[in-house]
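Okay, here's what each chain looks like letter by letter:
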Amino acid sequence: TGAGDVNNFASGSFGHLGRGGKMSAGSGGKKKPSKAERLRMQREEEERRLFEEQQARLQAEREEAERRERERIEREKTERLEAKDQERRGLELAELSVLEENFLIAFQWKADFRASAKWNHYMACDGSPDPTVPREINTFISLWKEDKNNDIQIVMEKGKKVLELIQKLEFSILDAPYEELTSDDVAQYQETIQKLQALLHQKYNEAIEQLLKEASSYAESESGNMEVVIKDANVTLCVWANLKKNPKFRTQIFRDEERNPTNAFELPRPLTICDIGVRILHTHYDHLSPLESFPREPPKLDIPRGGPPLIVTTETMEGDGDHKSVEETSLESQHTPSTDVVKTHLSTVFLKETKNTAVDEIPAEVHERRSMIFHSVSRAQLSALAFPEIGEGPPSEEPVVDLHQFMPVGGVYHFDALKLPPQAKHIKGWTMVEVIFISEKGRTSGKHLFCSLNRMVSLSAE
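Here the structure is a predicted model, which is why all the values come from computation and not from measurement.

Draft legend 1. Broad picture of the pattern of salt bridges. Within the structure shown, the criterion is met by 22 salt bridges. Arg88 is the partner of Glu92 in a salt bridge, and the nearest nitrogen-oxygen pair spans 2.7 Å. Taken together, the residues span about one helical turn, with Glu92 and Arg88 both in helix H2 (residues 35–124) at a distance of four residues. Between Arg114 and Asp175 there is a salt bridge, with its nearest N and O atoms 2.7 Å apart. With Arg114 in helix H2 and Asp175 in helix H4 (residues 152–175), the pair connects residues that are 61 residues apart, well separated along the chain. Looking at Asp175, the relative accessible area reads 10%, which means it is buried.

Written out as structure tokens, the structure reads:
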């Protein structure tokens with residue numbers, strides 16, 4: 001029995017080990033998922049796909065909502081800007097209509113004023129010439145040129161009248177419309193202005209020469225030299241003559257009637273022993289800058305009734321001999337910057353109206369009014385609109401100053417060092433003055449002049 005139990009136990013044990021060994025060998029390989037597990041995995045995969053699709057759909061809906069919100073805000077902003085622009089456009093059109101009416105009223109007022117000024121000048125009969133009439137102004141210039149009375153006070157009084165004549169001519173050039181004043185008339189007025197300016201400067205030179213001839217009668221008690229200060233509304237004249245030739249008096253300060261200093265200078269030491277005079281002429285007007293040039297013809301703008309492109313035509317310029325070729329520019333097709341003095345400014349209103357409003361026919365009344373405005377444009381209005389664009393023109397290596405972009409402030413100073421003419425000498429009751437006659441003789445070519453000096457003594461009894 002014991003042996004049988006041992007055998008039974010051994011066989012049972014070995015049998016158990018054998019089954020255990022088989023199970024261990026089977027668990028070491030890949031276990032095939034069951035059907036339930038496969039279904040569960042498919043279900044999880046499907047749920048994950050659906051979740052991702054839902055998240056993508058929600059993200060797309062959020063982005064679409066944000067895009068629509070941005071578009072709505074942008075649309076509302078655009079609508080507000082368009083409403084404001086429409087309101088501003090209406091105000092500008094109303095203001096433009098008022099300005100057009102006022103422009104025509106002002107144009108009529110200026111025409112009446114010019115006619116009244118001519119009539120008042122005719123009725124005054126004060127002997128002053130009409131500068132716009134060549135015969136009268138040429139007679140005035142010839143008579144004053146032949147007048148030998150070079151007293152400085154008379155010259156300064158007549159200089160006021162000359163400045164008034166120049167001012168009238170300049171006002172006529174700038175104020176008169178193109179249809180009333182042709183380019184030939186403008187050229188004639190500018191030539192007259194240059195003649196008056198040259199004559200005025202010549203008369204001041206002759207008057208100062210006369211002063212220097214009589215320098216001894218203006219001698220100062222302290223230094224013995226001549227010192228004269230003459231001042232009016234347009235001119236301040238300071239004249240000094242070195243009569244005593246004293247090196248101690250090198251610095252000279254000019255003072256007016258109220259003893260206020262006006263001008264001063266310091267003479268170099270070598271010149272203190274020379275027959276020299278100094279003139280300082282301060283003019284409150286500018287006769288040195290060149291005259292302004294204007295277009296020969298007014299701007300020709302075709303005011304369209306149905307909105308075709310505006311055409312601007314400019315022709316040759318008048319004044320100073322500058323000429324520019326005729327050019328036509330289409331304001332709709334050409335967008336490059338131009339130096340045309342009329343194109344940008346005079347057509348701005350009509351370009352805005354063509355772009356901002358529907359292409360409708362312009363009423364006949366408005367068309368006629370605008371045509372009248374363009375026909376009444378003066379040279380002053382053109383010059384006020386003619387501002388060259390910044391950066392135009394080729395770059396220059398050297399700095400160039402355009403004098404037309406500036407205006408004189410404080411007047412113009414003329415400084416001159418002059419040689420004293422022979423002074424009068426008082427001997428035994430007689431006054432002797434050396435007189436110099438200058439005769440000009442020209443060669444056949446007319447280019448070279450020879451001056452011969454003949455000296456004589458003029459005697460006068462005291």
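Draft legend 2. Examining H4 more closely. Here H4 contains 24 residues, and its C-alpha end-to-end distance of 34 Å stays within 8% of the 34 Å for a straight helix at 1.5 Å per residue. Within the sequence span of H4, burial applies to Ile152, Val155, Met156, Gly159, Val162, Leu163, Leu165, Ile166, Leu169, Ile173 and Asp175. Sitting at the head of H4, Asp151 places a side-chain oxygen 3.2 Å from the backbone nitrogen of Gln153.

Draft legend 3. Representation of the packing of helix H3 (residues 134–146) against H4. As a packed pair, H3 and H4 sit with axes 13 Å apart at the nearest point and diverge in direction by 160 degrees. Relative to H4, the element H3 lies roughly antiparallel. Seen from above, H3 lies across H4 with left-handed handedness. Of the residues in H4, those touching H3 at Ile137, Phe140 and Trp144 are Val155, Lys158, Gly159, Lys161, Val162 and Leu165. Here the contact of H3 with H4 is composed, by residue class, of six nonpolar, one polar and two charged.

Draft legend 4. Spatial organisation of the packing of aromatic side chains. Per the stated rule, a full pass over the model turns up six aromatic pairs. Note on Trp119 and Tyr122: the rings are 5.7 Å apart at their centroids and 35 degrees apart in plane angle, and the pair reads as tilted. Here the residue Trp119 and the residue Tyr122 both occupy positions in helix H2, the gap between them amounting to three residues, near one helical turn. Relative to Trp144, the ring of Phe140 has its centre 6.5 Å away and its plane inclined at 40 degrees; by these criteria the two rings are tilted.

Draft legend 5. Just the sheet that holds strand S2 (residues 235–241), in detail. On the basis of which strands lie adjacent, the open sheet formed by four strands has the order S1-S2-S5-S10 and antiparallel pairing. Edge strands, defined here as strands with exactly one partner in the open sheet, are strand S1 (226–231) and strand S10 (412–419). Strand-to-strand, the axes of this sheet are offset by a mean angle of 10 degrees, without reference to chain direction. Judged from the six bridges that link them, S1 and S2 form a sheet pairing that is antiparallel. If you follow Val229 over to S2, its bridge partner there is Cys238.

Draft legend 6. A look at the nonpolar core. Counting residues in each nonpolar core, the largest one holds 40 residues, and the members touching the most others are Ile152, Leu196, Tyr204, Met226, Leu237 and Val239. For this core, the elements supplying multiple residues, two or more each, are H3, H4, helix H5 (183–213), S1 and S2. For this core, the leading source of residues is H5, giving eleven residues. When sequence neighbours within four positions are dropped, the list of residues in contact with Leu237 reads Ile152, Ile208, Leu211, Val228, Val229, Ile230, Arg279, Ile280 and Leu281. Counting eight residues, the second largest nonpolar core, distinct from the first, contains Phe254, Phe265, Ile276 and Val278.

About the criteria used
- Residues numbered from 1 in each chain as written.
- Predicted model: local features only at pLDDT ≥ 70, side-chain atom pairs only at ≥ 80, totals over all residues.
- Heavy atoms only, no water.
- Salt bridge = Lys/Arg side-chain N within 4 Å of Asp/Glu carboxyl O.
- Helix = DSSP H or I, 4+ residues; strand = E, 2+ residues; numbered from the N terminus.
- Buried < 20%, exposed > 50% of the residue type's maximum accessible area, 1.4 Å probe, protein only.
- Expected span 1.5 Å × (residues − 1).
- Polar contact = N/O pair within 3.5 Å; in protein donor to acceptor, adjacent residues only side chain to side chain.
- Axes fitted to C-alpha atoms, helices over the stretch in contact; angles between N-to-C directions.
- Parallel < 35°, antiparallel > 145°, perpendicular 65-115°, else oblique.
- Left-handed = near helix turned anticlockwise from the far one by under 90°.
- Contact = heavy atoms within 4.5 Å.
- Nonpolar A, V, L, I, M, F, W, Y, C, P; charged D, E, K, R; others polar.
- Phe/Tyr/Trp six-rings, centres within 6.5 Å; stacked < 30°, edge-to-face > 60°.
- Pairing = 2+ DSSP bridges.
- Core = buried A, V, L, I, M, F, W, Y, C linked by side-chain atoms within 4.5 Å.

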